[in-house]
Amino acid sequence: MITLLFLCAYFCAFSFVIGFMPMEWEKRPTLEALGMAPVPRKRRKSWTVLISSLAMINKPLCKGPVQARLIRDLAVAHVKMSPEEFFLVKEIGVVLILFVSYPSVSADMMLGWIAAGFVGGYMIPEFWLKGRIKRVKGVIIKELPDAIDLLGLCVNAGLDFMLSLKWVVEKSAPSVMIDELNTVLQEINVGKTRRDAIRDLAARYELPDLSTFSRTLIQADKMGTSVTEALNILSEDMRIARYRRGEQLALKAPMKMLVPLLFFIFPVVGILVAGPILIDFMENNPFQQISGGR
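Just so it is clear, the model here is predicted, and its values are computed rather than measured.

1. So, unusual backbone geometry
Phi is mostly negative for residues that are not glycine, and the peptide bonds are mostly trans.
So, point 1. In this structure, His78 is a non-glycine residue whose phi angle is positive, near 60°.
So, point 2. As for its placement among the helices and strands, His78 is situated in the loop between helix H3 (65-76) and helix H4 (83-101).
So, point 3. With a phi angle near 55°, Glu206 is a residue other than glycine that sits in the positive phi range.
So, point 4. Among the structural elements, Glu206 can be located in the loop between helix H8 (194-205) and helix H9 (208-223).
So, point 5. For Glu206, a relative accessible area of 61% gives the class exposed.

Next comes the structure, spelled out in structure tokens:
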């Protein structure tokens, strides 16, 4: 009963704050107000607008370092979601966990149940986000040598670095690494220097391979050396590094196979081998025959 009252009070307070909240937080001049031709754009779905409006309740919670961390993590994970919407997902997770687990909770477990619901609803989206970031970084590490090879081939064919980057972005299939190179190309086109765009790419993911790629290109740009030679050396180093990572994974495979081997395969083999012997021993016990003979 106390839990139901707590949930009702939470929803009442939530609805009360939503009722006094404006639907538009910022009022910016539109093209129509400036007397210019309207720019056609896609209409947002109603449920997307509703989620964005509900997420504004979390704006006071998303400030300072928390907002900066969530913006960086969501951008790295390629999740099209604002920090406020991510907090809303956490709140929905808390409510769902409490609602689903309520029938199996006794009266003396209420405080622990509420604490476990809040912790679970807060941490499950964080674990999902960290896992997605790890997968995206793994894809970038896997695709980076191929992208460097394509850049090196284009530069060797006579194109400069910018034209090579544009050709690789336009002709390659969509992927995580190609999207990041497209972002670098767009940043350079809007006025950011090539050094800063490449440096920001390495700082965004904090991967050793991307840092090596960034340092090599920046050093070649500063020293005035040939980008072709730098890309060729970098491509060879990346290939060797990927080969070493493959060897490392191959050496880890027997240790990973040992756990299912001990807990799933050996018991079955033991049952198949020792089972018939044990059944035969129980049916024809030689000790009983010896004792009966005496």
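There is more to say after this.
2. Quick word on the packing of aromatic side chains
So, point 1. Per the stated rule, a full pass over the model turns up one aromatic pair.
So, point 2. Measuring from ring centre to ring centre gives 5.6 Å for Tyr102 and Trp113, while their planes differ by 50°; the resulting arrangement is tilted. With Tyr102 in the loop between H4 and helix H5 (110-156) and Trp113 in helix H5, the pair connects residues that are eleven residues apart, well separated along the chain.
So, point 3. Note on Tyr102: relative accessible area 28%, which makes it partly exposed.
So, point 4. For Trp113, a relative accessible area of 7% puts it in the buried group.
So, point 5. Lys90 extends its terminal NZ or CZ atom over the ring of Phe87, reaching a point 5.0 Å from the ring centre.

3. Concerning empty space enclosed by the protein
So, point 1. Taken as a whole and assessed by the stated rule, the structure comprises two cavities of 30 Å³ or more.
So, point 2. Of the volumes computed, that of the largest cavity is approximately 50 Å³.
So, point 3. Contributing to the lining of the largest cavity are Phe161, Arg194, Arg195, Ile198, Leu217, Ile218, Asp221 and Val227.
So, point 4. Secondary-structure elements contributing two or more residues to the lining of the largest cavity are H8 and H9.
So, point 5. Its residues assigned to classes, the lining of the largest cavity shows five nonpolar, no polar and three charged.

4. What about the pattern of salt bridges?
So, point 1. For the structure on display, the rule yields 15 salt bridges.
So, point 2. Between Arg204 and Glu180 there is a salt bridge, with the nearest N and O atoms lying 2.9 Å from each other. Of this pair, Arg204 sits in helix H8 while Glu180 sits in helix H7 (residues 176-189); the two residues are 24 residues apart in sequence, bridging distant segments of the chain.
So, point 3. Exposure remark for Glu180: the relative accessible area of 5% places this residue in the buried category.

5. Side note on H3
So, point 1. Across its twelve residues, H3 extends 16 Å between first and last C-alpha, which sits within 8% of the 16 Å expected from 1.5 Å per residue.
So, point 2. Taken together, the buried positions of H3 are occupied by Leu70, Asp73, Leu74 and Val76. The arc that holds every buried residue of H3, seen down its axis, measures 160°, which confines them to one face.
So, point 3. Those residues of H3 hidden inside the fold are in contact with H4, H5 and H8.

6. As for the nonpolar core
So, point 1. In this structure, Ile140, Leu181, Tyr205, Leu210 and Phe213 are the most contacted members of the largest nonpolar core, which totals 40 residues.
So, point 2. Broken down by secondary-structure element, the contributors of at least two residues to this core are H3, H4, H5, helix H6 (161-171), H7, H8, H9 and helix H10 (227-283).
So, point 3. Among the elements that take part in this core, H5 stands out by supplying ten residues, more than any other.
So, point 4. Non-local contacts of Leu181, meaning those with residues more than four positions away in its chain, are made with Ala147, Leu165, Val168 and Val169.
So, point 5. One finds Leu98, Val105, Met110 and Trp113 within the second-largest nonpolar core, a separate group that totals five residues.

7. Some remarks on the packing of H5 against H9
So, point 1. With their axes 10 Å apart at the nearest point, H5 and H9 run at an angle of 25° to one another. One way to sum up the angle between H5 and H9 is to call them roughly parallel. Contact residues: Ile140, Ile141, Leu144, Ile148 and Leu151 in H5; Asp209, Leu210 and Phe213 in H9.
So, point 2. Residue classes in the contact of H5 with H9 are distributed as seven nonpolar, no polar and one charged.

Rules used throughout
Residues numbered from 1 in each chain as written. Predicted model: local features only at pLDDT ≥ 70, side-chain atom pairs only at ≥ 80, totals over all residues. Heavy atoms only, no water. Helix = DSSP H or I, 4+ residues; strand = E, 2+ residues; numbered from the N terminus. Buried < 20%, exposed > 50% of the residue type's maximum accessible area, 1.4 Å probe, protein only. Phe/Tyr/Trp six-rings, centres within 6.5 Å; stacked < 30°, edge-to-face > 60°. Lys NZ or Arg CZ within 6 Å of the ring centre and 35° of its normal. 1 Å grid on protein atoms, 1.4 Å probe; cavity = no way out; pocket = protein on both sides within 12 Å on 5 of 7 lines; lining within 4 Å. Points joined across faces, edges and corners; volume = space filled by probe spheres on them. Nonpolar A, V, L, I, M, F, W, Y, C, P; charged D, E, K, R; others polar. Salt bridge = Lys/Arg side-chain N within 4 Å of Asp/Glu carboxyl O. Expected span 1.5 Å × (residues − 1). Arc of directions from axis to C-beta. Contact = heavy atoms within 4.5 Å. Core = buried A, V, L, I, M, F, W, Y, C linked by side-chain atoms within 4.5 Å. Axes fitted to C-alpha atoms, helices over the stretch in contact; angles between N-to-C directions. Parallel < 35°, antiparallel > 145°, perpendicular 65-115°, else oblique.

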